[in-house]
Amino acid sequence: MDTSLCPAKTDKGNQVIKDRSTKMKIPLRSALILCDGKKSIAKILAQIGGMGLSADDFQQLHDLGLVEFVAAAPSDKRPLSGASAKLQDLGLAERYTLAYQTAVQLTSGLGLKGFMLNLAVERAGDLEALKSLAPKIQKAVGDEAFKPLRYILDNS
């Protein structure tokens, strides 16, 4: 897969983001959210690094009819530096969405013992609310599982 291609959500992709009609893992959904037709696959992967995705996952999004590929804009062809590929490149709403989805994935996997924590995460309306729940989530899921959420929250 050519990582200089820029995936753009199709109408179906936008609908899936709104109504969650297609079941997908959180990292793949996070990638779909970032598909705006302006960022290259390489840049999206750098922004959500550590979530276990590869360029081939974007082919899966394409096969599902959720994205289409467009050629990278000339400014997107520059090499990515560590500083330019951080979560700060995302808007506030995108960072919240990514943190929220990660927190929901972590807490929903706790079963009955995490039910109340999962409800608290679902009520969290902004990044600050999620940050205030972070210690409870970390305690419930453990340090290793918490790392992706910690990364998102620390870089927001």
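Colleague: What is the right way to read the packing of helix 5 (residues 92–108) against helix 6 (residues 115–123) from this model?
Modeller: When two helices pack together, their arrangement is given by the angle between the helix axes and by the axis-to-axis distance. At a closest axis distance of 9 Å, the pairing of helix 5 and helix 6 adopts a crossing angle of 170°. Overall, the two elements helix 5 and helix 6 adopt an arrangement that is roughly antiparallel. Where helix 5 crosses over helix 6, the two elements pack in a sense that is left-handed. Contact with helix 5, carried on its side by Y100, A103, V104, T107 and S108, involves L117, N118, V121 and E122 of helix 6 and no other residues of that element. Of the residues in the contact of helix 5 with helix 6, the class split is 5 nonpolar, 3 polar and 1 charged.

Colleague: Would you mind going over helix 6 with me for this structure?
Modeller: Since there are 3.6 residues in each turn of an α-helix, residues three or four apart along the chain are aligned in direction. If you check which residues of helix 6 are buried, you get L117, N118, A120 and V121. Down the axis of helix 6, the buried set is contained in an arc of 160°. They therefore lie on one face. Counted as exposed and oriented over 90 degrees from the buried face of helix 6: M116 and R123. If you follow the buried residues of helix 6, they end up packed against helix 5 and helix 7 (127–141).

Colleague: Before we go on, may I ask you to explain the environment of E128 in this structure?
Modeller: For E128, the location among the structural elements is in helix 7. E128 sits 25 residues away from L153 along the chain, and the two C-alpha atoms are 9.0 Å apart.

Scoring rules and cut-offs
- All residue numbers here refer to positions counted from 1 along the written sequence of the relevant chain.
- Note on the predicted model: pLDDT of at least 70 is required for a residue's local features to be given, and 80 or more for side-chain atom pairs to be given and counted; whole-chain, interface and lining totals, by contrast, use all residues.
- As a convention, hydrogens and water are excluded, and side-chain values are obtained from all of the structure's heavy atoms.
- Interaxial angles span 0 to 180 degrees and are taken between N-to-C directions of axes, which are lines fitted to C-alpha atoms, for helices over the stretch in contact.
- Think of it this way: any DSSP run of H or I at least four residues long counts as a helix, any run of E at least two long counts as a strand, and we number them from the N terminus.
- Here the angle decides the label: under 35 degrees means roughly parallel, over 145 means roughly antiparallel, 65 to 115 means roughly perpendicular, and every other value means oblique.
- In this scheme, a crossing is called left-handed if the near helix is turned counterclockwise away from the far one by less than a right angle; it is called right-handed if the turn is clockwise.
- In this description, contact between two residues means that some pair of their heavy atoms is separated by no more than 4.5 Å.
- Gly counts as polar in this scheme, as do all residues outside two lists: the nonpolar Ala, Val, Leu, Ile, Met, Phe, Trp, Tyr, Cys and Pro, and the charged Asp, Glu, Lys and Arg.
- For each residue, the accessible area found with a 1.4 Å probe, counting protein chains only, is set against the maximum for its type, and the residue is called buried under 20%, exposed over 50%, and partly exposed in between.
- Taking the helix axis as origin, the arc is that swept by the directions to the C-beta atoms.

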